[in-house]
Amino acid sequence: SQLHTSGAGRWTTTMSASIAARRFASRQGAAVVAANNLGAAVSTPATPLCRSFSSSNHEIWRDPENPNDNTPQVLRRDGTYGEIDKTRGFVDYSRNPDAYRHPLERVFDWGELNDDGHDPIERTVQAARCMDCGTPFCQTHTGCPVNNLIPEWNDLVYKGQWREAIDRLHKTNNFPEFTGRVCPAPCEGACVAGLIDSPVTIKNMENAIIDRAWEEGWVVPRVPTFRTGMSVAVVGSGPAGLAVADQLNQMGHKVTVYEREDRVGGLLMYGIPNMKLEKEKVQRRVDMLIEEGIEFVTEANIGVDIDVNVLRANTDALVLALGATVPRDLPVNGRELKGVHFAMEFLTKNQKRLLMAKDGTISSGWDKSFVTAEGKDVIVIGGGDTGTDCIGTSMRHRCKSIVNFELMPEPPQERADNNPWPEWPKVFGVDYGHAEVTAVFGEDPREYSVMTKEFIGDDEGNVKALVTVDVEVGPDGIKPVEGSEREWPCDLAILAMGFVSPEDDIINDLSLDTDQRANVHAEYGDYRTSLEGVFACGDCRRGQSLVVWAINEGRGTAESVNSYLVERSMQMNDDGLEGENLSTIKM
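None of the values given here were measured: they were computed from a predicted structure. Per chain, residues are indexed from 1 in the order of the written sequence. Selection of residues for local features in this predicted model requires a pLDDT of at least 70, selection of side-chain atom pairs for listing and counting requires 80 or more, and totals for whole chains, interfaces and linings are taken over all residues. Heavy atoms from the whole structure form the basis of all side-chain values; hydrogens and water molecules are not counted.

Engineer: Tell me about the overall build of the chain, residues and numbers included.
Structural biologist: Of the regular secondary structure elements, the chain holds 22 helices and 19 strands. Every residue pair with non-hydrogen atoms within 4.5 Å of one another is taken to be in contact. Long-range pairs, those at least 24 residues apart, make up 68% of the contacts in the chain with a sequence separation of at least 6. Only the protein chains shown count as cover for residues, and the accessible areas themselves come from Shrake-Rupley with a 1.4 Å probe. Put simply, the chain shows about 26600 Å² of open surface, and 49% of that area lies on carbon and sulfur atoms. Going along the chain from the N terminus, every DSSP run of H or I of four or more residues is numbered as a helix, and every run of E of two or more is numbered as a strand.

Encoded structure:
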């Protein structure tokens, strides 16, 4: 097929195709504007090519008879013009999310996917679509895990009060520049406007608020004016570890974060590719936390190079934010062949190489520790965000071809009866990696209802192909379809099937209780483990989950740790801080 045979040739012509796509998009954009001028319905979607290079779908008009009136008149869905009005915004204006850069442009670099974003007028239009619901499901347990005050900061953006908007956003979310980029936005799935129309562009609004706040200099260090004299050690610097550290530091405690990698950030730094989250933005926030008084210790492998019991003995509380780093394996014949890698190994080594190249510390272009997809037939086994990230990374390596296997059937185009609002909509979607493959190779990379049976190797122990069988999902589970075996060429197989549990070195050293999935046992909302003074949060406690859930658990754990330290201080009779003073230090 074209997918398997013509990949290399397509890369040689993609640049000229990109130029042609830009010209085509420009022509299409002009046609859309002309249609709008004729009173066409603004809800008519533009082509994907046009959308990628357009910052606004709402035509703006100003009264030529009153040149002193600069109030923009915006095209409504019914074809009329009028000032931006929130009263009927969800009726008058259609959803217009921020565009990504065109696939044929972004696939040649490691820059962020996002385009320049909307102009101020269009941003106001999108904010006006928020209904300010009496019961905002977007910020409840069905929507945003950190309970972002979404209607409030949407209204503040609509009124142009951006400084107040970032204050409201930071009240519930420590790191909106992360969630505004990598979160799948369950808040939008729970948006009331989405019941009969398209949801509000909540994720875009969050990202716009925090980006403007950094640009305006509103995000500044908040150095605590009072210290409690109590110390907390946090193991792990992913989103959960950073959130708990930030909260505890603001409460006045001395916080030290230990990270086994050479840079702070956990999966934010090495697990999420640069095109989704630029590492300068992660480092910018880490630098801010350092200015606020948090100490970070890198290349500190607790439980391996450093005794966790010694660490616990020298602090007042210990927080485990270890993540879920044990990947789900694929125990089939040929698994041991060279060229079969876990997703996180592939992504981490790629990101480290990018950072080394940027820093000028990379020593050789033939570093064998780097896993490259260049010129190879790549198969990504497993969907989800990690699988998509592996697809996007392989495309930037200029792979020969790429296929993505998913065990489950293709999702429906609309919500199924057993997937009602405000649950997360389990529907078919096209993520950035899928769009890039389609743009370069001409077809979606995903193959549904497929299970890998074995890897086939060459005489030198390298994977050269794999064999699959189609499956059916029924009431009795997943069953293979007889006679459906297929062989696929494969030079690089990437296993992106999720993660099963945290690594057990620290868990065993502390003799902590675990649940049936080998996660650290600690009740949600309390976060205390079976050992006094030891807490657990994030993926190592709840299992593989979202960045926003990690922030939620980090914030909750900080409250629990603070309560524990208050109780502990009240029992102390030495020269430390008196308990009644410590008990007043709350966020």
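What follows continues from the structure just given.
Engineer: Which residues make up the sheet that holds strand E6 (residues 295-297), and what are the values?
Structural biologist: Pairing between the strands of a sheet is mediated by backbone hydrogen bonds and can be parallel or antiparallel. Following DSSP output, two strands are said to pair if at least two bridges run between them. Here we have five strands laid out as an open sheet, ordered E6-E5-E4-E7-E19, and parallel in their pairing. The two strands at the open ends of the sheet, each matched to only one other strand, are E6 and strand E19 (534-536). Across the sheet, the mean angle separating the axes of adjacent strands is 20° when strand polarity is ignored. Simply put, an axis is a line fit to the C-alpha atoms, just over the touching stretch for a helix, and the angle between two N-to-C directions goes from 0 to 180 degrees.

Engineer: Before we move on, can you summarise the packing of aromatic side chains with the specific residues and values?
Structural biologist: A pair of aromatic rings is counted whenever rings of Phe, Tyr or Trp (Trp by its six-membered ring) have centres within 6.5 Å, and the orientation is called stacked for planes under 30 degrees apart, edge-to-face for over 60 and tilted otherwise. In total, this model carries six aromatic pairs according to the counting rule given. Plain terms: the ring middles of Phe-405 and Trp-488 are 5.1 Å apart, the flat faces sit at 70° to each other, and that makes the pair edge-to-face. On the criterion of sequence distance, the pair formed by Phe-405 in strand E11 (residues 401-406) and Trp-488 in strand E16 (residues 486-489) is long-range, its members being 83 residues apart. Of the two residues examined, Phe-405 and Trp-488, each falls in the buried class. Residues Phe-535 and Tyr-564 carry aromatic rings whose centres are separated by 5.7 Å and whose planes lie at 70° to one another, so their mutual orientation is edge-to-face. Here Phe-535 is found in strand E19, whereas its partner Tyr-564 is found in helix H21 (residues 547-570), with 29 residues between them in sequence. Like Tyr-564, Phe-535 is buried. Accessible area is worked out with a 1.4 Å probe on protein chains only. A residue is then buried under 20% of its type maximum, exposed over 50%, and partly exposed in between.

Engineer: Explain the packing of helix H6 (residues 120-128) against helix H11 (residues 202-216) to me, and be specific about the residues and the numbers.
Structural biologist: Where H6 contacts H11, the axes come no closer than 10 Å and their chain directions differ by 130°. In terms of axis orientation, H6 runs oblique to H11. Judged by the twist between their axes, the crossing of H6 over H11 is left-handed. Where H6 abuts H11, its residues Arg-123, Gln-126 and Ala-127 lie against Asn-204, Met-205 and Ala-208. Lys, Arg, Asp and Glu make up the charged group, whereas Ala, Val, Leu, Ile, Met, Phe, Trp, Tyr, Cys and Pro make up the nonpolar group; the residues left over, Gly among them, are polar. By residue class, the composition of the contact of H6 with H11 is three nonpolar, two polar and one charged. Put simply, angles under 35 degrees are roughly parallel, angles over 145 are roughly antiparallel, angles from 65 to 115 are roughly perpendicular, and the rest are oblique. It is the rotation of the near helix from the far one that decides the hand of a crossing: anticlockwise by less than a right angle makes it left-handed, clockwise makes it right-handed.

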